[in-house]
Amino acid sequence: MSKKEFKAESKRLLNLMVNSIYTHKEIFLREIISNASDAIDKLCYLSLTDERVGLSRSDFAINITIDKNNRILKISDNGIGMTYDELEENLGTIAESGSLKFKSDILEKNKDNKDAGIDIIGQFGVGFYSAFMVADEISVLSRAFLSEEANLWHSDGVDGYTITPDHRDTVGTDIIIKLKADTEDEDYSKFLETYTIENLVKKYSDYIRYPVKMEREKYIPKKDGEEESPETVEFETVTLNSMIPIWQRNKSELKDEDYENFYSEKFFDFEKPIKWIHIDAEGVVCYKALLYIPSKAPYDYYTRDYKKGLQLYSSGVLIMDKCEDLLPEHFRFVRGVVDSPDLSLNISREMLQHSRELKTIASNLEKKIKAELLKLLKDDREKYETFYKSFGLQLKYGIASDFGVKKDLLQDLILFPSSHENKLTTLSEYVSRMKGEQKYIYFATGESIKKIESLPQAELIREKGYEILFFIDEVDEFAVQMMRNFEEKEFKSVNSDDLDLISEDDRKAASEKAKENSDLLKFIKETLGDRVKEVKLSQKLKNYPVCITAAGGISFEMEKYLNVVQPNSATKADRIFEVNPDHNLFNKLDSLFLNDKKEAAKYIEVLYNQALLMANLPIEDPASYSKLLFELL
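Procedures and definitions
- Residues numbered from 1 in each chain as written.
- Predicted model: local features only at pLDDT ≥ 70, side-chain atom pairs only at ≥ 80, totals over all residues.
- Heavy atoms only, no water.
- Axes fitted to C-alpha atoms, helices over the stretch in contact; angles between N-to-C directions.
- Helix = DSSP H or I, 4+ residues; strand = E, 2+ residues; numbered from the N terminus.
- Parallel < 35°, antiparallel > 145°, perpendicular 65-115°, else oblique.
- Contact = heavy atoms within 4.5 Å.
- Nonpolar A, V, L, I, M, F, W, Y, C, P; charged D, E, K, R; others polar.
- Pairing = 2+ DSSP bridges.
- Buried < 20%, exposed > 50% of the residue type's maximum accessible area, 1.4 Å probe, protein only.
- Polar contact = N/O pair within 3.5 Å; in protein donor to acceptor, adjacent residues only side chain to side chain.
- Arc of directions from axis to C-beta.

> What am I meant to see in the packing of helix H7 (residues 356-379) against helix H8 (residues 381-400) here?
When two helices pack together, their arrangement is given by the angle between the helix axes and by the axis-to-axis distance. Relative to each other, H7 and H8 sit at 125°, their axes nearing to 6 Å. Compared by their axis directions, H7 and H8 come out oblique. Here Leu373, Leu376, Leu377 and Asp379 of H7 come into contact with H8, specifically with Arg381, Lys383, Tyr384 and Phe387. Looking at the contact of H7 with H8 residue by residue, the class counts come to five nonpolar, no polar and three charged.

Below, the structure is given as structure tokens:
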């Protein structure tokens, strides 16, 4: 028996695989089980046309055996097996994939039948070698279908391999892994524990279509009255995997509790989901998906620690636990699984190439999620509002980000508190209630609804009976700025210097009044200096003497936000100081201006600072303001 060497490129690939390609050593079990499933697939396919197979689908299985004393982990299958030449070809040359060749042959023979009945995920022929991450040596005992002989392939790594005649009672393959000794950094013995194997099968191979079985200890408790009798140990064979995932089953077979139980078990959330979306898509890319919309946000949802993504499977094998590329940021709250046989996997099957298939699935999921949320909004408003309290902020961030690229997708899903019956409203509902002469969608921004309702700037809007949207989230103004309009109606802040609410006659009258009081307005501007861009007579105030409004593209709320995230930016909105000419204090101020300008200047300072307070803006010099107020009192 002479040892054969791996080809030079195979040596390099093996070394790369053990040290670089796979990021988690536990992946080896997934790969070995996947290969075993492939081998069974091949024989199962042949059984449809060849009576000599002698096995029905229910006879096929994968068995795992643990030998702690010898540090052996064995994975066996009763699949198609390999001949001497196939062992040489498939295991002697790394990246020579028998599965891919078999699949290509089948597809070639069934050009006109897309449903050829074979689905094998082994595309590269390298997964087997991942076992060298945990193994000192590996043996492969295999007997091919229709062969009376078996052969044993054996290797201790890059030094090479041997193939010798051997015996196996039945067709199939045993992968015999002798685990490495433990080190300070690595605990290889954990792969000899039944609970570790059970957890890994459940994690990565739960939906392999054939049963994965293992013998484990079963303790028999003492019988009543036999206190001195010791516990006895028996062994039982258990199936570790579910085989048929819920998303592969017909919707008609499933009940609400089936979906809810799967969600709580899979995602460890014991709050019932708001909604689930079961998708079976066929077309350019075939895939199945089961998506869930949670009822509450996880504690870390709005932090950097939260990781979005869907579990991604290829033919029942877990490829990625959180595939971020499948979910856009605005739908990052969605949980679920996607399973497709059409994915372009990379060499380690741990990651995906940026493929057309993946982008197609992601695009379809985005549209489907939007449609289902819109349906929920229309059919079950109460449940939608429950969802919105947890995740509405995410939708608004989605509109505000990337210069509003997703505004058309998301604008029908957002809600705002409103002055109409103090309820949440959609933009479409707001527009439907607009009065005939109303030009704008009016909104007011503040820390709370209570503070917004007391804003003097909104007096005229309320008097006209126009509805006001309450913006209490910092992202709200950024979102509508990206939208610009909704159903051809522009957004207008109550803090805008011109609300466009008065008639042309009233505007002319106001202009005449401003001319009459131009000296007073000039004096107020000189008193306040650069703190305000302009002083003018207000056309919106009724009961309040003054208010502050903003001019230009930056609002007061944007000013606050930008100065928090960029403290050195010194962002400042242009301030317009508006004075109510019909208020008694205006007459008082006018009188002081004519008789005592020094005293008038004090009143101007007080009124300006009061306007800042009413607008929830900081007073620039609180100590000086307090001193002045005490002096006047």
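> Looking at this structure, I do not really get the sheet that holds strand E12 (residues 317-323). What am I missing?
Strands in a sheet are paired, the pairing made by backbone hydrogen bonds, and the direction either parallel or antiparallel. Sheet architecture is open: five strands sit in the order E9-E10-E13-E11-E12, paired in mixed fashion. Lying at the two open borders of the sheet, with one neighbouring strand each, are strand E9 (275-281) and E12. For this sheet, the mean inter-axis angle between neighbouring strands, taken without regard to orientation, is 10°. Strand direction decides the pairing type here: strand E11 (residues 310-314) and E12, joined by four bridges, are antiparallel. When the bridges of E12 are listed, Leu310 appears paired with Cys323. Helix H6 (residues 256-267) contacts E9, strand E10 (287-293), E11 and strand E13 (335-339) of the sheet and is inclined by roughly 80° relative to E10.

> Can you walk me through the environment of Gln610 in this structure?
Along the chain, the position of Gln610 falls in helix H18 (residues 597-614). For Gln610, a relative accessible area of 31% corresponds to the partly exposed category. Here the alpha-carbon distance between Gln610 and Cys547, two residues 63 residues apart in the chain, equals 8.2 Å.

> Where do I start with the environment of Arg531 in this structure?
When you line up the elements, Arg531 lands in the loop between helix H15 (518-528) and strand E20 (534-537). Spatially, the C-alpha atom of Arg531 lies 8.7 Å from that of Asp574, the residues being 43 residues apart in sequence. Setting aside anything within four residues of it in sequence, one finds Arg531 in contact with Lys572, Arg575, Glu605, Tyr608 and Glu620. Separated by 3.0 Å, the side chain of Arg531 and the backbone oxygen of Leu528 make a polar contact. A polar contact is formed between the side chain of Arg531 and the side chain of Glu605, at a distance of 2.7 Å.

> Explanation requested: helix H5 (residues 194-204) in the structure shown.
Helical periodicity: at 3.6 residues per turn, an α-helix aligns residues three or four positions apart in one direction. For H5, every residue scored as buried is listed here: Thr196, Ile197, Leu200, Val201 and Tyr204. The buried residues of H5 occupy an angular sector of 130° when the element is viewed end-on, so they sit on one face. Away from its buried face by more than 90 degrees, H5 exposes Tyr195 and Asn199.

> Would you explain the pairing of strand E21 (residues 546-551) in this entry?
Every other side chain in a regular strand lies on the same face of the sheet, so the side chains alternate between the two faces. Counting buried positions over the six residues of E21 gives six, a clear majority of the element. Side-chain alternation along E21 places Val546, Ile548 and Ala550 on one buried face and Cys547, Thr549 and Ala551 on a second face that is also buried. Across six bridges, the pairing between E21 and strand E22 (residues 574-579) is antiparallel. The residue of E22 that forms the bridge with Thr549 is Ile576.

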